[in-house]
Amino acid sequence: MTHTQTQTTLVLGGTGKTGRRVAQRLTALGRPVRVGSRSGRPRFDWQDQATWAPALDDVAAVYVSYYPDISIPDAVEAVGSFAELAVRSEVRRLVLLSGRGEPGAELAEQAARGSGAELTILRSAWFAQNFSEDYLLGPVLAGEVALPAGEVPEPFVDADDIADVAVAALTRDGHAGQVYELTGSQLLTFAGATGEIARATGRQIRYLSVPIDEYAAAAAAQGVPAEAVELLSYLFSEVLDGRNARIADGVRRALGREPRDFTGYARRTAASGVWDTRPSGLRADDGDQRAVGHVTPDLLRG
Ligand SMILES: NC(=O)c1ccc[n+]([C@@H]2O[C@H](COP(=O)([O-])OP(=O)(O)OC[C@H]3O[C@@H](n4cnc5c(N)ncnc54)[C@H](OP(=O)(O)O)[C@@H]3O)[C@@H](O)[C@H]2O)c1
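Bear in mind the structure is a predicted one, so any value in this text is a computation, not a measurement. (Residues numbered from 1 in each chain as written. Predicted model: local features only at pLDDT ≥ 70, side-chain atom pairs only at ≥ 80, totals over all residues. Heavy atoms only, no water.)

(A) Geometry of the site of the ligand. Lining the immediate environment of the ligand, one finds 25 residues, of which Thr15, Ser37, Arg38, Ser39 and Tyr66 sit closest. Here an oxygen atom of the ligand and a side-chain polar atom of serine 37 are 2.7 Å apart. Asparagine 130 places a side-chain nitrogen or oxygen 2.9 Å from an oxygen atom of the ligand. Split by residue class, the shell around the ligand holds 10 nonpolar, 10 polar and five charged. (Near = heavy atom within 4 Å. Polar contact = N/O pair within 3.5 Å; in protein donor to acceptor, adjacent residues only side chain to side chain. Nonpolar A, V, L, I, M, F, W, Y, C, P; charged D, E, K, R; others polar.)

Take a look at the structure:
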């Protein structure tokens, strides 16, 4: 076993949609993992630089997932400063989770490159798991998904594929300097994705196209914080304009296999019970509903 195999990997956002999966995979490989988040030990907070150095102590590689979003201006300074500190702390490898076709995200990528670390960038499409582990879970459970997403198709990526690529880049040679565009294998509109979930669950789930202003006003009225409303409006109006409406080859280049598809994600997730709305007494496994209660989407619950 080499030195790096026994040294710790810090997984930022290690309780989130991708970080949790990265941490699970590394642990299964027998690699020591430290979860970097506000609930981690030691605590890691992007807003509190004093927490960064203790989290980096004796760490060889870091999975960097910025919060709330890699495309916001604050991410440039934070990701750049963090990457520099990591290199000074003798971290060798950084794997940065980024977004596709987002100029703001590319500025943060550039800041990380400036650190001189062995860097792999994962430019990811919209996650399929937003429908089951984040702000679209509530609408799916309520039976109506109302979004200002228009008719533009998106190649939703499975967070399990992101984690597979991240772990390859964290643990194996040959990925430093690569920029992988990670998408799924199907182009679907948000209406199409909702239809896949309806089919997989056997439930009626309506998709409603709403104007962006109406969407923002409804989110604000539901108590969603102003910054989150602004971020979602930016993502739906500017990023979802057709620039990303194509399948990319990042998963194949990194792993030598095709990406998972949305239909399979919908089928597996439906089988897990996360989208189940039947009263608990009627379900085979009551534990599934507790899993729903456990997910606390940070931005928006419809
Ligand atoms: N969602 C998408 O479709 C998508 C697509 C492309 C790129 N991305 C990028 O993915 C990144 C993660 O976003 P996500 O929505 O998927 O979130 P997420 O990783 O599912 O969840 C948030 C994670 O960040 C941690 N966290 C929250 N506030 C924090 C803070 N102040 N300091 C440190 N850690 C904090 C949370 O743990 P604690 O609560 O314990 O702190 C949790 O582990 C963003 O940079 C986003 O731009 C997302």
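Alright, that's what it looks like, and here's the rest.
(B) The arrangement of the pairing of strand β2 (residues 33–36) in detail. Along β2, the buried face is formed by Arg34 and Gly36; none of Val33 and Val35, which line the opposite face, is buried. As a crossover connection, the stretch from strand β1 (residues 8–12) through helix α2 (residues 19–28) into β2 is right-handed. (Buried < 20%, exposed > 50% of the residue type's maximum accessible area, 1.4 Å probe, protein only. Helix = DSSP H or I, 4+ residues; strand = E, 2+ residues; numbered from the N terminus. Right-handed = clockwise from strand over helix to strand, strands pointing away.)

(C) Looking closely at unusual backbone geometry. Going from arginine 41 to proline 42, the amide bond is cis rather than trans, its omega being 0°. Locating proline 42 in the fold gives a position in the loop between β2 and α3 (52–56). Cis geometry marks the peptide bond from tyrosine 67 to proline 68, where omega comes out at 10°. Residue placement: proline 68 occurs in the loop between β3 (59–64) and α4 (73–88). Positive phi, normally seen in glycine, also occurs at aspartate 58, with a value near 60°. A positive phi angle, near 70°, is found at glutamate 90, a position not held by glycine. Considering the arrangement of structural elements, one finds glutamate 90 in the loop between α4 and β4 (93–99). Judged by its relative accessible area of 69%, glutamate 90 is exposed.

(D) Inspection of the packing of aromatic side chains at higher detail. A full pass over the atoms with the stated rule returns 18 aromatic pairs. Each ring, one from phenylalanine 131 and one from phenylalanine 156, has its centre 5.7 Å from the other, and the planes form 65°; the classification is edge-to-face. Taken together, the residues phenylalanine 131 in helix α6 (residues 130–133) and phenylalanine 156 in the loop between β6 (144–147) and α8 (159–171) connect sequence positions 25 residues apart. Measuring from centroid to centroid gives 5.8 Å for phenylalanine 131 and phenylalanine 262, while their planes differ by 80°, and the two rings are edge-to-face. You can see phenylalanine 131 sitting in helix α6 and its partner phenylalanine 262 sitting in helix α13 (residues 262–272), a full 131 residues away along the chain. Here the aromatic cluster, defined as three or more aromatic residues joined through ring pairs, consists of Trp126, Phe131, Phe156, Phe190, Tyr215, Phe236, Phe262, Tyr265 and Trp275. (Phe/Tyr/Trp six-rings, centres within 6.5 Å; stacked < 30°, edge-to-face > 60°.)

(E) Structural view of the nonpolar core. Residues Trp46, Val62, Phe82, Phe131, Phe190, Phe262 and Trp275 are the most contacted members of the largest nonpolar core, which totals 61 residues. In terms of residues, this core owes the most to one element, α4, which gives seven residues. Leave out the neighbours within four places in its chain, and tryptophan 46 touches Leu12, Trp52, Val64, Ser65, Tyr66, Tyr67, Ala78, Val79 and Phe82. (Core = buried A, V, L, I, M, F, W, Y, C linked by side-chain atoms within 4.5 Å. Contact = heavy atoms within 4.5 Å.)

(F) The arrangement of the packing of helix α9 (residues 190–201) against α13 in detail. The geometry of α9 relative to α13 is characterised by a closest axis approach of 9 Å and an angle of 40° between their N-to-C directions. Viewed along their axes, α9 and α13 adopt a mutual orientation that is oblique. Between α9 and α13 lies a crossing of right-handed hand. Contacts from Ala193, Glu196, Ile197, Ala200 and Thr201 in α9 reach Phe262, Thr263, Ala266, Arg267 and Ala270 in α13. Class assignment for the residues of the contact of α9 with α13 results in six nonpolar, two polar and two charged. (Axes fitted to C-alpha atoms, helices over the stretch in contact; angles between N-to-C directions. Parallel < 35°, antiparallel > 145°, perpendicular 65-115°, else oblique. Left-handed = near helix turned anticlockwise from the far one by under 90°.)

(G) Just helix α5 (residues 103–113), in detail. Looking only at α5, the buried set comprises Gly104, Ala105, Ala108, Glu109 and Ala112. Each buried residue of α5 lies within a common arc of 145° when the element is viewed along its axis, so the set occupies one face. More than 90 degrees from the buried face of α5, the exposed residues found are Pro103 and Leu107. Buried residues in α5 make contact with α4, β4 and β5 (118–124). (Arc of directions from axis to C-beta.)

(H) Structural context of the sheet that holds β3. The strand order across the open sheet built from six strands is β2-β1-β3-β4-β5-β7, with neighbouring strands paired in parallel fashion. Only two strands of the sheet have a single neighbouring strand rather than two, namely β2 and β7 (179–182). Between one strand and the next, the sheet's axes are offset by a mean angle of 15°, whatever the strand orientation. For β1 and β3, the ladder comprises four bridges, and the chain directions are parallel. Bridge pairing links valine 11 to tyrosine 63 in β3. Contacting β1, β3 and β4, α4 crosses the sheet at an angle of about 170° to β4. (Pairing = 2+ DSSP bridges.)

Function cannot be inferred from these measures alone, as they are strictly geometric.
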